[in-house]
Each structure stands twice: as structure tokens, then as C-alpha cells.
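Structure at a glance
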Amino acid sequence: MLSSLRMDSMDSLTAGTALILVQCCVALVMIGFHFAAPDEKCTRDWALSASCIALGVFAAIVSHRTSHPFLLLAGGCVIMVGMAYQWQGILAFYGRPPRQAGWIICLLFTALLAAMLLLELPARQRTLLFSGTLILLLALSLQAIWQGQGMPRTFVQVLVPAAIVLLLSSHLLKLAIAIMQFHDAVPAQRTPLDITAAYLMPIVGTVLFSIGLPLLYFERLVETNRHLATHDELSKLLNRRAICAAGERELELAQRLHRPLSIAFIDIDLFKHFNDEFGHAAGDAVIAEVSAILQRTCRTIDLVGRYGGEEFLIVLPGADAGDAIDIGRRLVETVRDYRYRGRHPVTISTGLATLAADISSWPQLLARADAMLYEAKRQGRNRYCA
Ligand SMILES: Nc1nc2c(ncn2[C@@H]2O[C@H](COP(=O)(O)OP(=O)(O)OP(=O)(O)O)[C@@H](O)[C@H]2O)c(=O)[nH]1
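Residues numbered from 1 in each chain as written. Predicted model: local features only at pLDDT ≥ 70, side-chain atom pairs only at ≥ 80, totals over all residues. Heavy atoms only, no water.

**A word on the packing of aromatic side chains**
Defined as follows: By convention, a stacked pair of Phe, Tyr or Trp rings (six-membered ring in the case of Trp) has centres within 6.5 Å and planes under 30 degrees apart, an edge-to-face pair has planes over 60 apart, and any other such pair is tilted. Runs of E in the DSSP output that reach at least two residues are strands. Runs of H or I that reach at least four are helices, and both are numbered from the N terminus. Relative accessible area decides the class of each residue, using a 1.4 Å probe on protein chains only: under 20% of the type maximum gives buried, over 50% gives exposed, and in between gives partly exposed. Counted as over-ring charges are cases with an Arg CZ or a Lys NZ within 6 Å of the ring centre that also lie within 35 degrees of the ring normal.
Per the counting criterion, the structure on display carries 10 aromatic pairs. Their ring planes at 80° and their centres at 5.1 Å tell us that Y85 and W103 sit as a pair that is edge-to-face. Note that Y85 is positioned in helix α4 (residues 69-93) and W103 in helix α5 (residues 101-118), a separation of 18 residues in sequence. Overall, W103 belongs to the partly exposed group, its relative accessible area being 27%. Each residue in the set F271, F274, F278 and Y340 is aromatic and connected to the rest through ring pairs, giving one cluster. When the ring centre of F93 is taken as origin, the NZ or CZ atom of R220, which lies over that ring, is 4.0 Å away. Here R240 stacks its cationic end above the ring of Y307, 4.0 Å away from the centre of that ring.

**Topic: the sheet that holds strand β6 (residues 348-354)**
Rules: Pairing between strands requires that DSSP locate at least two bridges from one strand to the other. Note on definitions: a residue-residue contact is assigned when non-hydrogen atoms from the two residues lie within 4.5 Å. In this analysis an axis means a line fitted to C-alpha atoms, helices contributing only their contacting stretch, and an angle means the value between N-to-C directions, from 0 to 180 degrees.
Strand order in the open sheet formed by five strands is β2-β3-β1-β6-β7, and the pairing between neighbours is mixed. A strand with exactly one partner marks an edge of an open sheet, and here the two such strands are β2 (303-308) and β7 (384-385). Pairing of strand β1 (residues 261-268) with β6 involves seven bridges; the strand directions are antiparallel. Considered in β6, the bridge of I268 is made with I348. Helix α11 (residues 280-297) rests against β1, β2, β3 (311-317) and β6 of the sheet, and its axis sits at about 10° to β3.

**Examining the domain arrangement of the protein**
Quick reminder of the rule: Domain segmentation is taken from an automatic or database assignment of domains.
Along its sequence, the protein is organised into domain 1 (2-230) and domain 2 (240-385). Using C-alpha coordinates to define each centre, domain 1 is positioned 54 Å away from domain 2.

**Quick look at the packing of helix α2 (residues 12-36) against helix α3 (residues 41-66)**
Definition in use: By the definition adopted for this analysis, an angle is roughly parallel if under 35 degrees, roughly antiparallel if over 145, roughly perpendicular if from 65 to 115, and oblique otherwise. Note on convention: the crossing is left-handed when the near helix lies turned anticlockwise from the far helix by less than a right angle, right-handed when the turn is clockwise. For this scheme, ten residues count as nonpolar: Ala, Val, Leu, Ile, Met, Phe, Trp, Tyr, Cys and Pro. Four count as charged, namely Asp, Glu, Lys and Arg, and the remainder, Gly too, count as polar.
Across the interface, α2 lies against α3 with an axial gap of 8 Å and an inter-helix angle of 160°. By the angle between their directions, the pair α2 and α3 is classed as roughly antiparallel. Here α2 and α3 pass one another in a crossing that is left-handed. When its residues are assigned to classes, the contact of α2 with α3 shows 17 nonpolar, eight polar and two charged.

**Topic: the site of the ligand**
Where we set the bar: In this text, near means that some heavy atom of the residue lies within 4 Å of the molecule or strand in question. Throughout this description, a polar contact denotes any pair of N or O atoms lying within 3.5 Å of each other; where both atoms belong to protein, one of them has to be capable of donating a hydrogen while the other can accept it, and for residues adjacent in sequence the pair is counted only when both atoms sit in side chains. Calculation of accessible area relied on Shrake-Rupley with a 1.4 Å probe; when residues are assessed, cover is drawn exclusively from the protein chains displayed.
If you check the shell around the ligand, you find 16 residues, and the closest are F271, K272, N275, D284 and R306. D267 places a polar side-chain atom, nitrogen or oxygen, 3.1 Å from an oxygen atom of the ligand. Separating a nitrogen atom of the ligand from a side-chain N or O atom of D284 is a distance of 2.6 Å. For the ligand, whose accessible area on its own is 670 Å², the fraction buried by protein is 67%. Among the elements that line the shell around the ligand, the one with the most residues is α11, at four residues. Of the residues in the shell around the ligand, the class split is four nonpolar, four polar and eight charged.

**Points about α2**
Selection criterion: The span expected for a helix works out to 1.5 Å for each residue beyond the first.
Across its 25 residues, α2 extends 36 Å between first and last C-alpha, which sits within 8% of the 36 Å expected from 1.5 Å per residue. Within the sequence span of α2, burial applies to S12, A15, G16, L19, I20, V22, Q23, V26, A27, M30, F33 and H34. Check the buried side of α2 and you find it contacts α3 and α8 (192-230).

**Things to note about the UniProt feature "domain: GGDEF" (unreviewed entry) in the protein**
Test applied: UniProt positions are given in the numbering used here, feature names are shortened, and annotations may be inferred rather than shown by experiment.
In this structure's numbering, the residues bearing the UniProt feature "domain: GGDEF" (unreviewed entry) are residues 259-386. Secondary structure content for residues 259-386 is 47% helix and 27% strand, while the C-alpha to C-alpha distance between its ends is 19 Å.

Below is the structure:
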């Protein structure tokens with residue numbers, strides 16, 4: 001009884017006002033994001049999308065009250081443009097090139113709706129066109145999100161497609177109802193099913209989607225910043241702060257669990273000559289390629305970082321002195337086989353240190369590996385010392 005009372009009190013004005021408010025909030029949030037990071041095309045598209053949808057719904061409400069066909073045409077078209085911008089924004093978010101399909105669908109919608117109004121076709125048939133077009137545009141958005149992130153992994157990545165599926169379902173339901181009552185002049189919207197499909201599901205779907213979109217953007221922002229804070233851009237390895245923090249964590253764990261731990265300090269040999277002979281850009285390329293070799297040559301549990309310049313630090317959890325020597329030899333031999341531009345040999349020197357009674361803190365471990373690296377350099381480079 002209570003729910004049917006609530007449903008009866010839901011009309012196009014209430015639902016439309018709620019949609020307008022939600023879309024205005026999204027537009028404001030996206031405008032804020034856009035001014036904070038003007039290079040981001042997606043936030044601009046989403047701000048335009050929310051503004052268009054708010055404007056379109058407003059025009060549709062007014063047209064509903066005044067029965068003005070031009071306002072209905074304008075409102076419907078502006079909503080479709082908003083949906084197309086939403087799709088473009090999702091494509092931009094995932095770094096995909098803009099496409100034409102959304103705009104072609106909008107144009108077709110405009111032409112068909114104009115023809116329907118000119119021929120004074122019943123409202124049921126216009127509902128059919130409106131829902132059909134929305135389903136097409138929503139499906140494009142869902143496909144873009146699915147292709148962009150693959151299988152959803154986080155709560156937000158599940159929330160956004162789920163909200164689109166809810167919106168799709170509401171329009172599929174509306175479409176089914178409109179098909180069943182194809183020849184009726186006026187949409188009834190009296191049954192609970194009708195009201196749910198026409199108002200409740202679109203409102204819930206829009207609210208969830210509108211919350212999900214800024215969250216999706218925010219999630220990527222946090223992820224990018226976290227990656228930038230812990231990774232080195234040139235080598236793609238952990239940066240000095242991150243590798244040292246990880247090393248200290250592994251040391252504590254090794255001591256607590258009485259497990260061995262070793263580290264390898266690595267330096268590219270005579271790198272200055274390389275820079276001087278081939279230029280700084282070639283030096284950068286060598287750093288990047290040696291980094292990739294080190295990462296490939298280590299075990300998946302090893303932590304590889306760029307300590308600075310042409311120096312690298314590798315933390316080897318579970319590796320005792322014997323394992324460390326094996327890994328050190330493998331690293332030196334693998335880099336020895338590498339040729340810059342297929343011709344110029346590059347070598348590394350490696351200092352190894354293992355946790356022991358007299359080497360029990362991180363600074364001591366680091367100092368020992370550094371001393372061994374110095375020894376490897378002194379003995380003629382292109383080797384490891386432990
Ligand atoms: N291209 C490039 N060069 C760098 C970078 N960081 C440090 N370097 C250069 O690396 C060189 C390091 O030189 P040195 O410390 O003298 O060591 P080395 O020439 O490798 O000699 P040994 O260590 O004794 O074998 C310096 O010329 C730095 O300018 C970088 O990010 N890119």
C-alpha cells in the first residue's frame with residue numbers, strides 16, 4: 001500500500017527535477033576536474049554531457065506541460081547529444097580515438113523525431129524511438145567501458161557498468177511496454193511496472209552512474225599518482241625511495257621469520273664514456289634497456305629499483321649467500337650478452353650482500369653491497385663480488 005502510494009506520487013516533474021539536480025552536480029564536479037587538469041578531454045566531455053542532459057530534461061518537462069512540439073524535439077535531441085558526449089568522454093578516458101557512431105545515431109534520432117512530430121504520430125511511438133536510441137547509446141558506453149578496463153576489478157569498476165546495465169534494463173522495459181501498446185496515443189504510466197521503468201530505474205541508474213563516473217576518474221588519479229610516487233619514469237623500475245622502503249620491509253620480515261635475505265648493488269660500467277661518445281639520449285636508452293634486462297633476469301619475487309643515475313638496487317627475498325652469487329652471475333652474464341644498437345657492448349659490476357650476524361640492519365646491508373660493488377670495479381669491472 002505504502003509503496004503504491006509512493007509510486008503514484010512519482011510523476012515526470014519529480015523525476016525530471018531529480019535528474020536535473022543530479023546532472024547539474026555532475027557537471028559542476030566535472031568542470032572542477034577540468035579546470036584542475038585542462039589536458040584531460042574526458043572531464044570536459046562529461047561536463048558537457050551532464051549539462052546537455054540537464055538542459056534536455058528541463059526542455060522535455062516544459063514541453064510536457066505546454067505540449068510544444070519544438071521543445072520536445074529540442075529536449076530529446078539535447079539529451080541524445082549529452083549521451084553521445086558521455087560516450088566520447090569514456091573513449092577519451094581510456095585513451096581511445098573519438099568515433100562517429102554516436103553522432104550519427106543523434107542525427108538519425110533528430111530526423112526521425114522531427115518526422116514523427118510533423119506527422120503527429122502517437123506518443124507511444126515516440127517513446128519507442130527515444131528508448132531505442134538511448135539503448136544504442138548506452139550500449140556504446142557499456143562497450144567502451146568494458147573494452148577499456150577488461151574484466152572489472154575494483155568496486156567502482158563494477159559500479160559503473162552495473163549502473164549502465166540498470167539504465168539499459170529500464171529502457172528495454174519501456175521499449176517492451178511501448179511495443180505492447182504501440183497504437184495508444186498517450187503513454188499510460190499508471191501501473192507500478194510502468195512507473196518503475198519510466199522513473200524509478202532511470203533515477204537510480206543515473207544517480208549510481210553519476211557517482212560512479214567521478215569515482216572512476218578519481219580512482220585512476222590516485223593509481224597514477226601512487227605509481228608516479230613509487231616508480232622511476234625512465235627505467236620503469238621502483239624509484240630509490242620505494243626500493244629502500246621495500247628493502248627495509250623485507251629485512252624486518254626476514255629477521256622475524258628467520259629467512260635469508262640478500263641484496264645486489266649494480267652499476268653500469270664506464271657509463272660516462274658511453275654518454276660522452278653517443279650522447280645523453282643514447283645513455284638514457286641504455287639505462288632503460290639494462291633496466292628491462294635486470295627485471296627480466298630476476299625472479300618474480302625479487303624487487304628491482306633504480307637507486308640513482310646508472311645504479312640499481314635489487315632486493316632478493318629468501319636468497320642466501322649461495323643464491324645471491326647465482327643471481328649475481330646470471331645478471332652480469334645476461335647484460336654482457338646485450339649490445340646497444342646491436343653492436344656496442346655494455347657491462348655491469350655487481351656487489352652482493354647477505355643478511356648475517358654482523359650485517360643485521362638496512363644501512364649495514366647497503367654499505368656491505370656498496371663495498372662489494374667498489375671491489376668489483378677495482379678488480380676490473382664486468383663481474384660480481386660477494
Ligand atoms: N644519459 C644519462 N646519464 C646519466 C643519468 N644519470 C647519471 N648519468 C651519467 O652517468 C655517469 C656516471 O659516471 P661515473 O659515476 O663517473 O661512473 P662510470 O662512468 O659508470 O664509471 P664506473 O662506475 O667507474 O664504471 C655520469 O656521467 C652521469 O652524468 C641518466 O639518467 N641518463
